[in-house]
Amino acid sequence: MIKVKSNFSFFKGKWDVLANLGETAEKNVYQDPHTTIMKLELKQFILSKAFRGELGTNDPTEESAIELLKEVLQEQVK
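Caption draft 1: Representation of the overall build of the chain. When helices and strands are counted, the chain shows three helices and zero strands. Along the chain, helices and strands appear, N-terminal first, in the series α-α-α. For the chain, with 78 residues in total, the buried portion stands at 27%. Taking as baseline every contact in the chain between residues at least 6 positions apart, the subset at least 24 positions apart corresponds to 18%. By element, 59% of the accessible surface of the chain is carried by carbon and sulfur atoms, the whole surface being about 6100 Å².

Caption draft 2: Structural context of helix H1 (residues 16-28). Spanning 13 residues, H1 covers 18 Å between terminal C-alpha atoms, matching the ideal 18 Å at 1.5 Å per step. Considered for burial, the residues of H1 that qualify are Leu18, Ala19, Leu21, Gly22, Glu23 and Ala25.

Caption draft 3: Structural view of the nonpolar core. In terms of nonpolar packing, the biggest core is built from five residues, these being Phe8, Phe11, Leu18, Ala19 and Leu47. When near neighbours in sequence (up to four residues on either side) are disregarded, Phe11 contacts Asp16, Leu18, Ala19 and Leu47.

Caption draft 4: Focus on the side chain of Ser6. Take Ser6: it is sitting in the segment before H1. On the basis of relative accessibility, which here comes to 13%, the residue Ser6 falls in the buried class. Within the structure, Ser6 has its side chain in polar contact with the side chain of Glu26 (distance 2.6 Å).

Caption draft 5: Structural detail: the pattern of salt bridges. Under the counting rule described, the total for this entry stands at one salt bridge. With a closest N to O distance of 3.2 Å, Lys12 and Glu23 form a salt bridge. You can see Lys12 sitting in the segment before H1 and its partner Glu23 sitting in helix H1, a full eleven residues away along the chain. With relative accessibility at 14%, the residue Glu23 sits in the buried group.

Caption draft 6: Here's a closer look at the environment of Met38. Its location among the elements puts Met38 in helix H2 (residues 33-55). Note on Met38: relative accessible area 57%, which makes it exposed. In this structure the C-alpha to C-alpha distance between Met38 and Leu21, which are 17 residues apart in sequence, comes to 9.3 Å.

How each quantity is defined
Residues numbered from 1 in each chain as written. Predicted model: local features only at pLDDT ≥ 70, side-chain atom pairs only at ≥ 80, totals over all residues. Heavy atoms only, no water. Helix = DSSP H or I, 4+ residues; strand = E, 2+ residues; numbered from the N terminus. Buried < 20%, exposed > 50% of the residue type's maximum accessible area, 1.4 Å probe, protein only. Contact = heavy atoms within 4.5 Å. Areas by Shrake-Rupley, 256 points an atom, 1.4 Å probe, with all protein chains shown as cover. Expected span 1.5 Å × (residues − 1). Core = buried A, V, L, I, M, F, W, Y, C linked by side-chain atoms within 4.5 Å. Polar contact = N/O pair within 3.5 Å; in protein donor to acceptor, adjacent residues only side chain to side chain. Salt bridge = Lys/Arg side-chain N within 4 Å of Asp/Glu carboxyl O.

Next comes the structure, spelled out in structure tokens:
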């Protein structure tokens, strides 16, 4: 059996949680697409929080992942 490398394997080592979420999403894409969407959404949320931490912005708990990512991207443009 051929083992296919995950598209998220580059996260391994420093960001194991993100690697695992991405790999789980890939494995479930056809059998359970809802799980895939939930895992990818959680991955994006974690990434956006990490970006905010790197930028030194505050971390409100009520913002959605999309709002966090938009804010991070706006900070990058400035």
